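Geometric and topological summary
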Amino acid sequence: MSDSEDVDQRSHVKLVSADGFTFLVHREAAMRSGTIRNMLSSPGQFTESSLGRVDFKDIKAITLEIVVRYLYWNLQCANSTSEIPEFRVEPEMALETLMAADFLDC
(Lines give C-alpha, C1' and ligand atoms only; values in the text may rest on other atoms or scores of the structure.)
Protein backbone atom coordinates (compact mmCIF):
# COMPACT_ATOMS: atom_id res chain seq x y z
CA MET A 1 0.00 0.00 0.00
CA SER A 2 1.46 3.36 -0.97
CA ASP A 3 1.65 6.43 1.28
CA SER A 4 -1.15 8.13 -0.61
CA GLU A 5 -3.45 5.14 -0.14
CA ASP A 6 -3.04 4.53 3.58
CA VAL A 7 -3.22 8.15 4.80
CA ASP A 8 -6.09 10.52 4.23
CA GLN A 9 -4.00 13.55 3.27
CA ARG A 10 -6.78 15.97 4.07
CA SER A 11 -6.98 14.96 7.72
CA HIS A 12 -3.60 13.40 8.59
CA VAL A 13 0.11 13.89 7.93
CA LYS A 14 2.99 11.45 8.31
CA LEU A 15 6.03 12.80 10.12
CA VAL A 16 9.06 10.54 9.72
CA SER A 17 12.06 10.77 12.04
CA ALA A 18 15.72 10.40 11.10
CA ASP A 19 15.73 6.88 12.54
CA GLY A 20 12.69 5.80 10.52
CA PHE A 21 9.82 6.07 12.99
CA THR A 22 6.56 7.35 11.53
CA PHE A 23 4.09 9.51 13.45
CA LEU A 24 0.58 9.83 12.03
CA VAL A 25 -0.59 13.29 13.11
CA HIS A 26 -3.84 15.13 12.53
CA ARG A 27 -3.20 17.82 9.95
CA GLU A 28 -4.69 20.48 12.22
CA ALA A 29 -2.12 19.67 14.94
CA ALA A 30 0.79 19.48 12.46
CA MET A 31 -0.13 22.91 11.09
CA ARG A 32 0.71 24.43 14.51
CA SER A 33 4.32 24.27 13.27
CA GLY A 34 5.16 27.13 10.91
CA THR A 35 7.73 25.03 9.03
CA ILE A 36 5.39 22.08 8.52
CA ARG A 37 2.54 24.44 7.58
CA ASN A 38 4.74 26.02 4.87
CA MET A 39 5.79 22.61 3.55
CA LEU A 40 2.22 21.32 3.37
CA SER A 41 0.47 24.42 2.07
CA SER A 42 2.88 25.60 -0.64
CA PRO A 43 1.50 24.05 -3.82
CA GLY A 44 4.18 22.80 -6.17
CA GLN A 45 7.10 23.97 -4.05
CA PHE A 46 7.51 21.00 -1.72
CA THR A 47 6.91 17.31 -2.44
CA GLU A 48 5.54 17.10 1.10
CA SER A 49 2.45 19.03 0.04
CA SER A 50 1.53 16.39 -2.53
CA LEU A 51 2.55 13.33 -0.47
CA GLY A 52 1.25 14.35 2.95
CA ARG A 53 4.55 13.09 4.38
CA VAL A 54 7.42 15.05 5.92
CA ASP A 55 10.82 13.41 6.46
CA PHE A 56 13.12 14.91 9.08
CA LYS A 57 16.70 13.83 8.42
CA ASP A 58 18.05 15.51 11.58
CA ILE A 59 15.34 14.86 14.17
CA LYS A 60 15.39 11.54 16.06
CA ALA A 61 12.17 9.75 17.02
CA ILE A 62 12.53 10.48 20.73
CA THR A 63 12.67 14.21 19.98
CA LEU A 64 9.98 14.13 17.29
CA GLU A 65 7.66 12.38 19.73
CA ILE A 66 8.03 15.29 22.17
CA VAL A 67 7.40 17.76 19.34
CA VAL A 68 4.24 15.86 18.29
CA ARG A 69 3.01 15.87 21.90
CA TYR A 70 3.66 19.62 22.02
CA LEU A 71 1.74 20.21 18.76
CA TYR A 72 -1.32 18.46 20.21
CA TRP A 73 -0.89 20.27 23.53
CA ASN A 74 -0.64 23.60 21.70
CA LEU A 75 -3.77 22.81 19.66
CA GLN A 76 -5.69 21.85 22.79
CA CYS A 77 -4.64 24.95 24.74
CA ALA A 78 -4.81 27.45 21.87
CA ASN A 79 -8.10 29.13 22.77
CA SER A 80 -8.26 28.13 26.40
CA THR A 81 -9.76 30.61 28.81
CA SER A 82 -8.71 28.62 31.86
CA GLU A 83 -5.23 28.14 33.28
CA ILE A 84 -2.96 26.39 30.79
CA PRO A 85 -1.13 23.37 32.19
CA GLU A 86 2.66 23.25 31.99
CA PHE A 87 4.20 21.33 29.10
CA ARG A 88 6.96 19.28 30.65
CA VAL A 89 10.16 18.16 28.93
CA GLU A 90 12.75 16.06 30.69
CA PRO A 91 15.94 18.07 31.32
CA GLU A 92 18.12 15.64 29.37
CA MET A 93 15.89 16.18 26.29
CA ALA A 94 15.55 19.96 26.63
CA LEU A 95 18.38 21.05 24.31
CA GLU A 96 17.51 18.67 21.45
CA THR A 97 13.83 19.53 21.78
CA LEU A 98 14.55 23.25 21.78
CA MET A 99 16.65 22.95 18.61
CA ALA A 100 13.92 20.92 16.87
CA ALA A 101 11.21 23.35 18.00
CA ASP A 102 13.25 26.29 16.73
CA PHE A 103 13.70 24.64 13.33
CA LEU A 104 10.01 23.71 13.17
CA ASP A 105 8.85 27.15 14.33
CA CYS A 106 6.59 25.84 17.07
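Since the structure is predicted, the reported quantities are computational estimates derived from the model, not experimental observations.

Next up on the list: the environment of valine 68. Summarising the element assignment, valine 68 is placed in helix α5 (residues 61-77). Residue class for valine 68 comes out buried when judged on its relative accessible area of 10%. Valine 68 sits 35 residues away from serine 33 along the chain, and the two C-alpha atoms are 9.8 Å apart. Residues contacting valine 68, with those up to four places away along its chain left out, are Leu15, Phe23 and Val25.

Buried residues of helix α3 (residues 34-41): Gly34, Thr35, Ile36, Met39 and Leu40, and no others. Elements in contact with the buried residues of α3: β1 (12-16), α2 (27-30), α4 (47-51), β3 (53-55) and α6 (94-104).

Time to look at the pairing of strand β2 (residues 22-26). Of the two faces of β2, only one is covered, namely that formed by Phe23 and Val25; the face formed by Thr22, Leu24 and His26 stays uncovered. By the bridge criterion, five bridges tie β1 to β2 in an arrangement that is antiparallel. Following the sheet pairing, valine 13 is matched in β2 by valine 25. Taking the residues between adjacent antiparallel strands as the criterion, β1 and β2 are bridged by five residues, where glycine 20 takes a positive phi near 90 degrees.

Another point: the environment of leucine 40. Tracing the backbone shows leucine 40 in helix α3. Taking the C-alpha atoms as reference, leucine 40 lies 7.1 Å from glycine 52; in sequence the two are 12 residues apart.

Moving on: the packing of aromatic side chains. Summed over the entire model, instances satisfying the criterion amount to three aromatic pairs. Consider the rings of tyrosine 70 and phenylalanine 87, whose centres lie 5.3 Å apart with planes at 80 degrees: the pair is edge-to-face. With a gap of 17 residues between them, tyrosine 70 in helix α5 and phenylalanine 87 in the loop between α5 and α6 connect regions that are remote in the sequence. Each residue in the set Tyr70, Trp73 and Phe87 is aromatic and connected to the rest through ring pairs, giving one cluster.

What counts as what
Residues numbered from 1 in each chain as written. Predicted model: local features only at pLDDT ≥ 70, side-chain atom pairs only at ≥ 80, totals over all residues. Heavy atoms only, no water. Helix = DSSP H or I, 4+ residues; strand = E, 2+ residues; numbered from the N terminus. Buried < 20%, exposed > 50% of the residue type's maximum accessible area, 1.4 Å probe, protein only. Contact = heavy atoms within 4.5 Å. Pairing = 2+ DSSP bridges. Phe/Tyr/Trp six-rings, centres within 6.5 Å; stacked < 30°, edge-to-face > 60°.

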